[in-house]
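Here are the chains, one letter per residue:
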Amino acid sequence: MKGSQRYIALLLWLAAGAEAKAHGWYTGRTDPVLHYNCCGDHDCHTLGAGDVRSARDGGYFVRQPQPFYQNDPPTGEWYIPKDRVQTAPDDRYHICEPLVPTSRVGKFKRKWTCFFAPMSTSSMTRSEKAH
């Protein structure tokens, strides 16, 4: 392998490792009410602030960032109740949305399992911020 190829391979390896460390905190987390596993790095990702809006009751409406059914366009919003909102370790919104099988053979849909909001959001109580 030439020097430039080794350099490129090293950069790709370092980037993959940095990405895994950056999102490793999803692993082992569960929904606080239903106790679903959040799943992990492949099902969880950050959301843009424009994809999230606050609900009056302290919950959130989240634009479906991925198609509800595999290979279909997004179809609206999910409502996230306040008691299922967890504190994110950074200043960003995050959602976990694995593909789950449907009753139709070979058809999968997305289902949100965990939602994380920045600690600074107003829907978090002081006790929730402390955790």
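Residues numbered from 1 in each chain as written. Predicted model: local features only at pLDDT ≥ 70, side-chain atom pairs only at ≥ 80, totals over all residues. Heavy atoms only, no water.

Asks: Go over the sheet that holds strand β6 (residues 93-96) with me, naming the residues and quoting the values.
Replies: Read across the open sheet, the four strands follow the order β1-β6-β9-β5; overall the sheet is mixed. Taken across any chain shown, the strands that pair with only one partner, and hence form the sheet edges, are β1 (44-47) and β5 (85-87). Taking each pair of neighbouring strands and ignoring which way they run, the sheet shows an average axis angle of 30 degrees. (Pairing = 2+ DSSP bridges. Helix = DSSP H or I, 4+ residues; strand = E, 2+ residues; numbered from the N terminus. Axes fitted to C-alpha atoms, helices over the stretch in contact; angles between N-to-C directions.)

Asks: Lay out the packing of aromatic side chains in plain terms, naming residues and giving numbers.
Replies: Going through the model one piece at a time under the given rule, you end up with seven aromatic pairs. Considering the side-chain rings of Trp 25 and Phe 116, the 4.8 Å spacing of their centres and the 85 degrees angle between planes classify their relative orientation as edge-to-face. Here Trp 25 is found in the loop between α1 (3-23) and β1, whereas its partner Phe 116 is found in strand β9 (residues 114-117), with 91 residues between them in sequence. Take Phe 116: its relative accessible area is 0%, and that puts it in the buried class. Each ring, one from Tyr 60 and one from Tyr 93, has its centre 5.7 Å from the other, and the planes form 70 degrees; the classification is edge-to-face. Within this pair, whereas Tyr 60 is found in strand β3 (residues 60-63), its partner Tyr 93 is found in strand β6, the two being separated by 33 residues in sequence. Using a relative accessible area of 15% as the deciding quantity, one classes Tyr 93 as buried. An aromatic cluster is defined as three or more aromatic residues linked by ring pairs; in this entry it consists of Trp 25, Tyr 26 and Phe 116. (Phe/Tyr/Trp six-rings, centres within 6.5 Å; stacked < 30°, edge-to-face > 60°. Buried < 20%, exposed > 50% of the residue type's maximum accessible area, 1.4 Å probe, protein only.)

Asks: Explain a nonpolar patch on the surface to me, and be specific about the residues and the numbers.
Replies: A surface patch of nonpolar side chains, about 240 Å² in accessible area, is lined by Val 33, Leu 34 and Tyr 36. Mapped onto the elements, Tyr 36 comes out in the loop between α1 and β1. (Patch = residues over 30% accessible without salt bridge, like charges linked within 9 Å, V, L, I, M, F, W, Y side chains within 5 Å. Areas by Shrake-Rupley, 256 points an atom, 1.4 Å probe, with all protein chains shown as cover. Salt bridge = Lys/Arg side-chain N within 4 Å of Asp/Glu carboxyl O.)

Asks: Explain unusual backbone geometry to me, using residue names and the numbers behind them.
Replies: The phi torsion of most residues other than glycine is negative, and most of the peptide bonds are trans. Within the chain, His 35 stands out as a residue other than glycine whose phi angle is a positive 60 degrees. Locating His 35 in the fold gives a position in the loop between α1 and β1. Assessed through its relative accessible area of 56%, His 35 is described here as exposed.

Asks: Account for the pattern of salt bridges, naming residues and giving values.
Replies: Enumeration over the complete set of coordinates arrives at three salt bridges. We note a salt bridge from Arg 63 to Asp 51, for which the minimum N-O separation is 2.9 Å. Placement of Arg 63 in strand β3 and of Asp 51 in the loop between β1 and β2 (52-54) is noted, with a sequence separation of 12 residues between them. The closest approach of N and O atoms between Glu 77 and Arg 53, which form a salt bridge, is 2.9 Å. A residue pair is termed long-range when its members are at least 10 positions apart, and Glu 77 in strand β4 (residues 77-80) and Arg 53 in strand β2 qualify at 24 residues.

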